[in-house]
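Each chain is listed here by its residues.
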Amino acid sequence: REYMFEWMGLDSALIVPLLLFLAGAIAGFVDSIVGGGGLISVPAMLLTNLPPGVALGSNKLASVFGAFSAMINFIRQKKADIGLVKRLLPFTFVGSIAGTILVISIPPLYLKPIIIFLLIAVLLFVLFKKDWGEVSTYTKATGRRFVLLVLMALSIGFYDGFIGPGTGTFLIFGFIFAGFDFLLASGNAKVLNFASNLGSLLIFIAMDHVNYVYGLSAAVGQIIGATIGSRMAIRKGTGFVRLVFIVMTVSMLAKLMYDYFVG
């Protein structure tokens, strides 16, 4: 890669961070609306020839900034249920720490078929229930409903630390299932996604699995992309978020199925 840049008259020390910035901006934009930004940011980070663990850790550094930027916008516009998500946040945080510790020790080689199946189920449910998530019917999380939300927060936090792709999608689906519309579900998901990214990042930092130059280069892009994406989601509303949700779910399915059956 360095020889190619030299032949073109470019300095790889400058061009790689610039490319990561651009990839981060696109990933942050998509991720701030419905998740799935990892489909863009993780491959971009792996193309730097970093060891896989360091690439994942550097990507988490960038993702923390992107998720935080989107979260702040949703909270400021009152598009997140703070009373609920602050109770769920510790479970997502702890789950992501556990998942990250495990992924460093055991690569998740055999879980792609399960993820593919779950994404297909989510996609079909949203496509055939066209009015689902259009209007918020959520009232209050007590008793059994709260326990189910805790289990969702814990398990998806673990999933984010262990694998990652589709975390935002599964969080949004979980909140819609609880009665939120797409926009509020997206805002709630960003808060928990920030917690899961932060928990995972702390483990990567402790393991010295972060390249700060590359991670912060992508982080600047993530901040810009996430700010634009979250504001657009809030402005355009539930229908826009639902459309992007479907497009990104199909994209994730195509990528995962290609990797599993071809790659």
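In case you missed it, the structure is sitting above this.
Q: Break down a nonpolar patch on the surface for me, citing the residues and quoting the values.
A: A contiguous nonpolar surface patch, about 940 Å² in accessible area, is contributed by Ile120, Leu124, Leu127, Phe128, Met257, Tyr258, Tyr260, Phe261 and Val262. Broken down by secondary-structure element, the contributors of at least two residues to the nonpolar patch are helix H6 (112–128) and helix H11 (238–261). Positionally, Met257 belongs in helix H11. The exposure class assigned to Met257 is partly exposed, which follows from its relative accessible area of 34%.

Q: Tell me about the environment of Ser69, and please be specific about residues and values.
A: With respect to the secondary-structure elements, Ser69 resides in helix H4 (residues 52–76). It is 33 Å that separates the C-alpha atoms of Ser69 and Tyr260, two residues lying 191 residues apart in sequence. Excluding anything up to four places from it in sequence, Ser69 contacts Ile223, Ala226 and Thr227. Looking at Ser69, its side chain comes within polar contact range of the main-chain oxygen of Phe65, at 2.9 Å.

Q: Provide a residue-level description of the layout of surface pockets, including the pertinent values.
A: Taken as a whole, the largest pocket holds about 1,000 Å³ of empty space. Forming the walls of the largest pocket are 42 residues, and the residues nearest its centre are Val42, Leu56, Ile163, Gly164 and Pro165. Among the residues forming the lining of the largest pocket, the class breakdown is 20 nonpolar, 16 polar and six charged. Empty space within the second largest pocket amounts to approximately 590 Å³.

Here is what the cut-offs are and how they apply
Every chain is numbered independently, its residues counted from 1 as its sequence is written. Where totals are concerned, whole chains, interfaces and linings use all residues; where local detail is concerned, this predicted model gives features only for residues with pLDDT of at least 70, and gives and counts side-chain atom pairs only at 80 or more. Hydrogens and waters are ignored; side-chain quantities use all the structure's heavy atoms. The patches described consist of residues with a relative accessible area above 30% and no salt bridge, like charges being joined within 9 Å and nonpolar side chains (Val, Leu, Ile, Met, Phe, Trp, Tyr) within 5 Å. Accessibility throughout is a Shrake-Rupley quantity obtained with a 1.4 Å probe, and a residue counts as covered only by protein chains that appear here. Salt bridges are defined as contacts in which a side-chain nitrogen from Lys or Arg sits within 4 Å of a carboxyl oxygen from Asp or Glu. Helix numbers and strand numbers start at the N terminus; a helix is a DSSP run of H or I with at least 4 residues, a strand a run of E with at least 2. Burial status follows relative accessibility: with a 1.4 Å probe on protein chains alone, a residue under 20% of its type maximum counts as buried, one over 50% as exposed, and anything between as partly exposed. The contact criterion used is simple: two residues touch if any of their non-hydrogen atoms lie within 4.5 Å. Identification of polar contacts relies on pairs of N or O atoms within 3.5 Å, with a donor-acceptor requirement for protein atoms, meaning one able to donate a hydrogen and the other able to accept it, and with residues adjacent in sequence counted only if both atoms are side-chain atoms. Both site types are read off a 1 Å grid over the protein atoms alone. A 1.4 Å probe that fits but cannot get out defines a cavity, while an open set with protein on both sides within 12 Å along at least five of seven lines defines a pocket; lining residues have an atom within 4 Å of a point. Grid points are joined across faces, edges and corners, and a volume is the space filled by probe spheres set on the points. Each residue receives one of three labels: charged for Asp, Glu, Lys and Arg, nonpolar for Ala, Val, Leu, Ile, Met, Phe, Trp, Tyr, Cys and Pro, and polar for the others, Gly being one of them.

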